[in-house]
Amino acid sequence: MQTREQQLKNRIMTRVYGIWFVRRGVPMLLGSALFITAALKLTAERFFVAQIWKNFESVATSDVMGLPKFIASALNSAEPTLLMFISAAGITGFVLAVKLLRSIRSILAGQAALGYQKLN
């Protein structure tokens, strides 16, 4: 059974982590989703995505080692503006995902340190 102090501490920490997630986590997730969605929509406007996916599946099932060559040839035939947009969206999404992962790891490390101090 928890004491009143422990219950209060748990409620406060839940609110602190909730506020952190709303301020830091949600914008990173939404930013990543926005850039990836924009890149996919632009790609879908320029290409027949179903046929590209069908070709990708046939290459992946017949010759896995030929997959990088297929991707390279597909990117070589794309327009330069589309390539720049896709790469910018991919890099931005990756950076936001790494920042979010680091933030979550630091929080978990802080909780683990607090748990260790309680035992001592």
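It should be noted that the structure appears before, not after, this text.
What you see is a predicted model; the values in this text were computed from it and never measured.

Draft legend 1. The side chain of Ser103, seen in detail. Assignment of secondary structure puts Ser103 in helix H4 (residues 80-119). The class of Ser103 is buried, set by a relative accessible area of 11%. Ignoring anything within four residues of it in the chain, the contact list for Ser103 reads Trp20, Arg24 and Met28.

Draft legend 2. Up close: the side chain of Ser32. Tracing the chain through its elements places Ser32 in helix H1 (residues 4-46). Other than its neighbours up to four places away in sequence, Ser32 contacts Gly93, Leu96 and Ala97.

Draft legend 3. Geometry of a nonpolar patch on the surface. A cluster of nonpolar side chains, Leu8, Ile12 and Val16, forms an exposed patch at the surface whose accessible area comes to about 250 Å². Relative to the elements of secondary structure, Ile12 occurs in helix H1.

Draft legend 4. Local environment of the environment of Leu42. With respect to the helices, strands and loops of the structure, Leu42 is situated in helix H1. Note: C-alpha distance between Leu42 and Phe85 (43 residues apart in sequence) is 8.7 Å. In this structure, Leu42 is in contact with Leu82 and Phe85, ignoring residues within four places of it in sequence.

Draft legend 5. Just H1, in detail. Here H1 spans 61 Å end to end across 43 residues, near enough to the 63 Å set by a 1.5 Å rise per residue. At Phe21, H1 shows its maximal kink, close to 40°. Those residues of H1 that sit buried are Gly25, Met28, Gly31, Ser32, Ala39 and Thr43.

Draft legend 6. Fine view of the packing of aromatic side chains. What the rule picks out here adds up to 3 aromatic pairs. Measuring from centroid to centroid gives 6.5 Å for Trp20 and Phe21, while their planes differ by 45°, and the two rings are tilted. Ring centres of Phe56 and Phe70 lie 6.2 Å apart, and the angle between their planes is 50°; on these two criteria the pair is classed as tilted. In this pair, Phe56 is assigned in helix H2 (residues 49-62) and Phe70 in helix H3 (residues 67-76), connecting sequence segments 14 residues apart. Taking relative accessible area as the criterion, Phe56 reaches 24% and is therefore assigned partly exposed. One aromatic cluster in this structure is built from Trp53, Phe56 and Phe70.

Analysis parameters
Position labels on residues start from 1 in each chain and follow its written sequence. Note on the predicted model: pLDDT of at least 70 is required for a residue's local features to be given, and 80 or more for side-chain atom pairs to be given and counted; whole-chain, interface and lining totals, by contrast, use all residues. Side-chain figures throughout are based on the complete set of non-hydrogen atoms in the structure, without hydrogens or water. Numbered from the N terminus, helices here are DSSP runs of H or I no shorter than four residues, and strands are runs of E no shorter than two. Only protein chains enter the accessibility calculation, which uses a 1.4 Å probe; a residue whose area is less than 20% of its type maximum is buried, one above 50% is exposed, and one in between is partly exposed. The contact rule is simple, with two residues in contact once any of their heavy atoms fall within 4.5 Å. Within the patch definition used here, like charges are joined within 9 Å and nonpolar side chains (Val, Leu, Ile, Met, Phe, Trp, Tyr) within 5 Å, considering only residues with over 30% relative accessible area and no salt bridge. Note on areas: Shrake-Rupley, 1.4 Å probe, and residue coverage restricted to the protein chains presented here. Salt-bridge detection follows one rule: a side-chain nitrogen of Lys or Arg within 4 Å of a carboxyl oxygen of Asp or Glu. Expected helix span is given by 1.5 Å per residue-to-residue step, counting one fewer step than there are residues. Bend, in this description, refers to the angle at a residue between axes fitted to the seven residues ending there and the seven starting there. Within 6.5 Å between ring centres, the rings of Phe, Tyr and Trp (the latter by its six-membered ring) count as paired, and their orientation is classed by plane angle as stacked under 30 degrees, edge-to-face over 60, tilted in between.

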